[in-house]
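Now for the letters of each chain:
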Number of protein chains: 2
Amino acid sequence: MSTVFPKPTHDHGRCVDDAMAEAERACREGGARLTPQRRQVLAIVLESHQPIGAYDVLARMNAAGGRTAPITVYRALDFLMTQGLVHRLASRIAFIACSLPDRHETGGGGGQNAQGDGAQFLICGDCGTVAEMTDRRIETAIRERARTAGFIVSAPVVEVEGTCPNCAGASDG
Amino acid sequence: MSTVFPKPTHDHGRCVDDAMAEAERACREGGARLTPQRRQVLAIVLESHQPIGAYDVLARMNAAGGRTAPITVYRALDFLMTQGLVHRLASRIAFIACSLPDRHETGGGGGQNAQGDGAQFLICGDCGTVAEMTDRRIETAIRERARTAGFIVSAPVVEVEGTCPNCAGASDG
DNA sequence: CAACAATTTGTTATGTTGTAACATTTACGC
DNA sequence: GCGTAAATGTTACAACATAACAAATTGTTG
């Protein structure tokens, strides 16, 4: 079985630390400014492998008596999405940290990294956990079918609702 | 080239009439009540091959001085989605009429027809036109990859942003 | 350092999308 | 007709997102 799903037993502290370090590196190399506020938002989104709503991010930021406005959170999220560090899940109206570090474009390189971006998401309807992957076969199938229809693909959105291995194992056998 | 994209020259009046007749039939056979209000909402959504927002549907209903409330539109849309007559495009936060009549389940048959539903959507970022299709290869690729991850698929959402043949032809060739 | 430009953040207000809760009406079976 | 279930009306509100403009910060250049 593939390892796309984060195991409940994984070392999440390290998982977060690694992601933050990777984000620092990617921004530095790309000449983007990962300011304290943006870093804070990224840290909050990284806290769990479930998607988080913008207003939930906001609530966490203001938990200690802050006065941050919604727009501030959206600006930070927009920045992080531009850097490929965060994705927006349209089907959930929520945000999730990118879990594929090799996809943080560090400059004016090849593909744009806005959203959609070719990644696919498996979303557990039970626990909410999200697995991100880039399956070449899925992407190829979409691109070729689109081509047959005379359609030029720019951003495929693939978000699959279902049951993750942990939840399936807990109830099914 | 496949025919998934509605041609600008097609007889849209007939296109709408056929869809309405099909909807009547599907509801009758399934024992669902296609009331005048629901019929009106469906007609509005069918008016174009671009997705329409719930509040735009509302505006059309109230154009002639009505006093319909948002909840009314959402209830009608929910009903139509249950019947498989309308789909919600998460990436656009908007609704589009189903263009695959064979997918209007007419009873307690096999699959559920809520949303997601296995269909794939090609959305033109230029003119907004949407093509709906059910490509077995895309669905298989998703299901098999999910299976590899130990994930049980219930509702795959595939919404592909890009450029439709009409718009590509207008600017590219 | 001073002066300037560009980016980031703050502040206020508002637009857009979607639902909760409860009353009333309408359609259907007996 | 009468009771029940489904559909609709009414009011209020929750959740998601952005516009517009001011202020502060950062980086650059002389």
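This text follows the structure it describes.
Because the structure is predicted, anything quoted here is derived from the model rather than measured.

What counts, and where the lines are drawn
Residues numbered from 1 in each chain as written. Chains lettered and ligands numbered in written order. Predicted model: local features only at pLDDT ≥ 70, side-chain atom pairs only at ≥ 80, totals over all residues. Heavy atoms only, no water. Near = heavy atom within 4 Å. Polar contact = N/O pair within 3.5 Å; in protein donor to acceptor, adjacent residues only side chain to side chain. Helix = DSSP H or I, 4+ residues; strand = E, 2+ residues; numbered from the N terminus. Core = buried A, V, L, I, M, F, W, Y, C linked by side-chain atoms within 4.5 Å. Buried < 20%, exposed > 50% of the residue type's maximum accessible area, 1.4 Å probe, protein only. Contact = heavy atoms within 4.5 Å. Nonpolar A, V, L, I, M, F, W, Y, C, P; charged D, E, K, R; others polar. Pairing = 2+ DSSP bridges. Buried area = accessible area lost by both parts, 1.4 Å probe. Salt bridge = Lys/Arg side-chain N within 4 Å of Asp/Glu carboxyl O.

A.B. asks: Provide a residue-level description of the protein's contact with DNA strand D, including the pertinent values.
C.D. replies: DNA strand D sits among 14 residues. The nearest are Tyr55, Tyr74 and Arg88 of chain A together with Thr35 and Arg75 of chain B. The sugar and phosphate moieties of DNA strand D supply 56% of its atoms located within 4 Å of the protein. Tyr55 of chain A places a polar side-chain atom, nitrogen or oxygen, 2.7 Å from a base nitrogen of DNA strand D. One of the side-chain nitrogen or oxygen atoms of Tyr74 of chain A is found 3.0 Å away from a phosphate oxygen of DNA strand D. Sorting the residues of the surface near DNA strand D by element identifies helix 4 (70-82) of chain A together with helix 2 (36-46) and helix 4 (70-82) of chain B as the ones contributing at least two each.

A.B. asks: Tell me about the nonpolar core, residues and numbers included.
C.D. replies: Among the nonpolar cores identified, the biggest contains 34 residues, and Leu122 and Phe151 of chain A together with Leu122 and Phe151 of chain B are the most heavily contacted of them. Breaking this core down by element, the ones donating at least two residues are strand 3 (120-124), strand 4 (130-133), helix 5 (136-148) and strand 5 (152-163) of chain A together with strand 3 (120-124), strand 4 (130-133), helix 5 (136-148) and strand 5 (152-163) of chain B. When near neighbours in sequence (up to four residues on either side) are disregarded, Leu122 of chain B contacts Ala146, Ala149 and Phe151 of chain A together with Phe5, Thr129, Val130, Ala131, Met133 and Val160 of chain B.

A.B. asks: Now, about the protein's contact with DNA strand C: what can you tell me, with residues and values included?
C.D. replies: Inspection of the region around DNA strand C gives 14 residues, with Thr35 and Arg75 of chain A together with Tyr55, Tyr74 and Arg88 of chain B positioned closest. At 3.1 Å, a side-chain N or O of Gln37 of chain A approaches a phosphate oxygen of DNA strand C. Here a sugar or linking oxygen of DNA strand C and a side-chain polar atom of Arg33 of chain B are 3.3 Å apart. Secondary-structure elements contributing two or more residues to the surface near DNA strand C are helix 2 (36-46) and helix 4 of chain A together with helix 4 of chain B. With three residues, the single largest contributor to the surface near DNA strand C is helix 4 of chain A. Among the residues forming the surface near DNA strand C, the class breakdown is six nonpolar, three polar and five charged.

A.B. asks: How would you summarise the pairing of strand 4 of chain B if you had to cite specific residues and measurements?
C.D. replies: All names here are of chain B. Side-chain alternation along strand 4 places Val130 and Glu132 on one buried face and Ala131 and Met133 on a second face that is also buried. Relative to strand 4, strand 3 runs antiparallel, the two being bridged by four bridges. Across the sheet, the residue bridging to Leu122 is Ala131, located in strand 4. Hairpin geometry of strand 3 and strand 4 is characterised by an intervening segment of five residues between the two adjacent antiparallel strands and by a positive phi of about 85 degrees at Gly128.

A.B. asks: So what's going on with the interface of chain B and chain A? Residues and values would help.
C.D. replies: One widely used convention gives an interface's size as the accessible area the parts lose upon coming together. Contacts between the two partners involve 39 residues from chain B and, on the opposite side, 39 residues from chain A. Buried surface at the junction of chain B and chain A, both sides included, amounts to about 3,200 Å², of which 65% is carbon and sulfur. Ranking the residues of chain B by area buried against chain A places Arg137, Arg145 and Phe151 of chain B at the top, with a combined share of 20%. For the pair chain B and chain A, the interface holds four salt bridges. Residue Arg137 of chain A pairs with Glu144 of chain B through a salt bridge whose shortest N-O separation is 3.0 Å. Put simply, chain B and chain A have 12 residue pairs in polar contact (both at pLDDT 80 or more) between them. Of all elements in the fold, only strand 3, helix 5, strand 5 and helix 6 (165-171) of chain B reach the threshold of two or more residues within the side of chain B that touches chain A.

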